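# Chain and residue survey
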Amino acid sequence: MVNLTYPFATEKRITSSFDAHKARTPPSTAPGTDFGANRGTPIRAPIAGDIVGCHWRDGGGRSLWIYGEGVKVYVAHMSQVSRLNGERVRAGQKVGEVGTTGHSTGPHLHLSLQVKNNRGVYAWADPMDYMTAP
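Procedures and definitions
- Residues numbered from 1 in each chain as written.
- Predicted model: local features only at pLDDT ≥ 70, side-chain atom pairs only at ≥ 80, totals over all residues.
- Heavy atoms only, no water.
- Helix = DSSP H or I, 4+ residues; strand = E, 2+ residues; numbered from the N terminus.
- Rg over C-alpha atoms; globule rule 2.2 N^0.38 Å.
- Buried < 20%, exposed > 50% of the residue type's maximum accessible area, 1.4 Å probe, protein only.
- Areas by Shrake-Rupley, 256 points an atom, 1.4 Å probe, with all protein chains shown as cover.
- Lys, Arg positive; Asp, Glu negative; His and termini not counted.
- Charge placed at Lys NZ, Arg CZ, Asp CG, Glu CD.
- Contact = heavy atoms within 4.5 Å.
- Salt bridge = Lys/Arg side-chain N within 4 Å of Asp/Glu carboxyl O.
- 1 Å grid on protein atoms, 1.4 Å probe; cavity = no way out; pocket = protein on both sides within 12 Å on 5 of 7 lines; lining within 4 Å.
- Points joined across faces, edges and corners; volume = space filled by probe spheres on them.
- Nonpolar A, V, L, I, M, F, W, Y, C, P; charged D, E, K, R; others polar.
- Phe/Tyr/Trp six-rings, centres within 6.5 Å; stacked < 30°, edge-to-face > 60°.
- Lys NZ or Arg CZ within 6 Å of the ring centre and 35° of its normal.

### Considerations on the overall build of the protein
- A count of helical and extended segments in the protein gives one helix and 10 strands.
- Sequence-ordered secondary structure for the protein, helices as α and strands as β, is β-α-β-β-β-β-β-β-β-β-β.
- Taken over C-alpha atoms, the radius of gyration comes to 13 Å for the protein, in line with the 14 Å a tight globule of 134 residues would show.
- Here the C-alpha coordinates of the protein stretch approximately 40 × 35 × 30 Å along the principal axes.
- Across the 134 residues that make up the protein, the buried fraction comes to 47%.
- When the accessible surface of the protein is totalled, it reaches about 6900 Å², and 48% of it is carbon and sulfur.
- If the 15 positive side-chain charges of the protein are averaged to one point and the 10 negative ones to another, these points end up 3 Å apart.

### Let's talk about the environment of Gly40
- Along the chain, Gly40 falls in the loop between β2 (32–36) and β3 (42–44).
- Placed 39 residues apart in sequence, Gly40 and Ser79 show a C-alpha to C-alpha distance of 6.8 Å.
- In this view, Gly40 contacts Ser79, Glu97 and Val98; residues no more than four positions away in its chain are not counted.

### A look at the pattern of salt bridges
- Tallied over the entire structure, the rule returns three salt bridges.
- Here Asp50 makes a salt bridge to Arg88, at a shortest N to O gap of 3.2 Å. Pair noted here: Asp50 is in strand β4 (residues 49–57) and Arg88 is in strand β7 (residues 88–89), with a separation of 38 residues, a long-range link.
- The class of Arg88 is exposed, set by a relative accessible area of 55%.
- With its nearest N and O atoms 2.9 Å apart, the salt bridge here joins Lys94 to Glu97.

### Some words on the layout of surface pockets
- The calculated volume of the largest pocket comes to roughly 490 Å³.
- His21, Arg24, His77, His103 and His110 are, among the 26 residues lining the largest pocket, the residues nearest its centre.
- Of the residues contributing to the lining of the largest pocket, the split by class is seven nonpolar, 15 polar and four charged.

### With respect to unusual backbone geometry
- Phi angles above zero are rare outside glycine, and His77 is one such case at about 75 degrees.
- By the element assignment, His77 lies in strand β6 (residues 71–81).

### Quick notes on the environment of Asp129
- Summarising the element assignment, Asp129 is placed in the segment after β10 (122–125).
- Separated by 126 residues in sequence, Asp129 and Asn3 have C-alpha atoms that sit 9.1 Å apart.

### A word on the packing of aromatic side chains
- A full pass over the atoms with the stated rule returns six aromatic pairs.
- The interplanar angle of 70 degrees and the centroid separation of 5.9 Å between the aromatic rings of Phe8 and Phe35 together place this pair among those described as edge-to-face. Placement of Phe8 in the segment before β1 (13–16) and of Phe35 in strand β2 is noted, with a sequence separation of 27 residues between them. Note on accessibility: Phe8 and Phe35 belong to one class, buried.
- Each ring, one from Trp65 and one from Tyr74, has its centre 5.1 Å from the other, and the planes form 35 degrees; the classification is tilted. In this pair, the class of Trp65 matches that of Tyr74, namely buried.
- Taken together, the aromatic side chains of Trp65, Tyr67, Tyr74 and Trp124 make up a single cluster linked through ring pairs.
- When the ring centre of Phe8 is taken as origin, the NZ or CZ atom of Lys12, which lies over that ring, is 5.8 Å away.
- When the ring centre of Tyr122 is taken as reference, the NZ or CZ atom of Lys72 above it lies at 4.2 Å.

Have a look at this one:
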């Protein structure tokens, strides 16, 4: 069972849902949930795992992936990244700060989730189905 740690110390407003990302034309390449937050707000790792692909992406700006046991989490639009590729993080550990880098209309966290199914294939999933707000 996948259990995600809420990415902030306090509850934040959802500015765009997983379903809204999938319904876009064209659909989002990394459907997920957008959390509105002030620039510089600390972002916590939703899972324990290894930092992979920590770099600048045109759409996601400063972003990274966390690979955990049977799950992958994508964190995007950060103003600052606190971790390096290959570094191991615990769930709840700071990985960066909210920003508005890449294709963004304002400061927010974009969080996407992929879950491995019983055939060993990763598929996009709604992160909110796997976490509760603090």
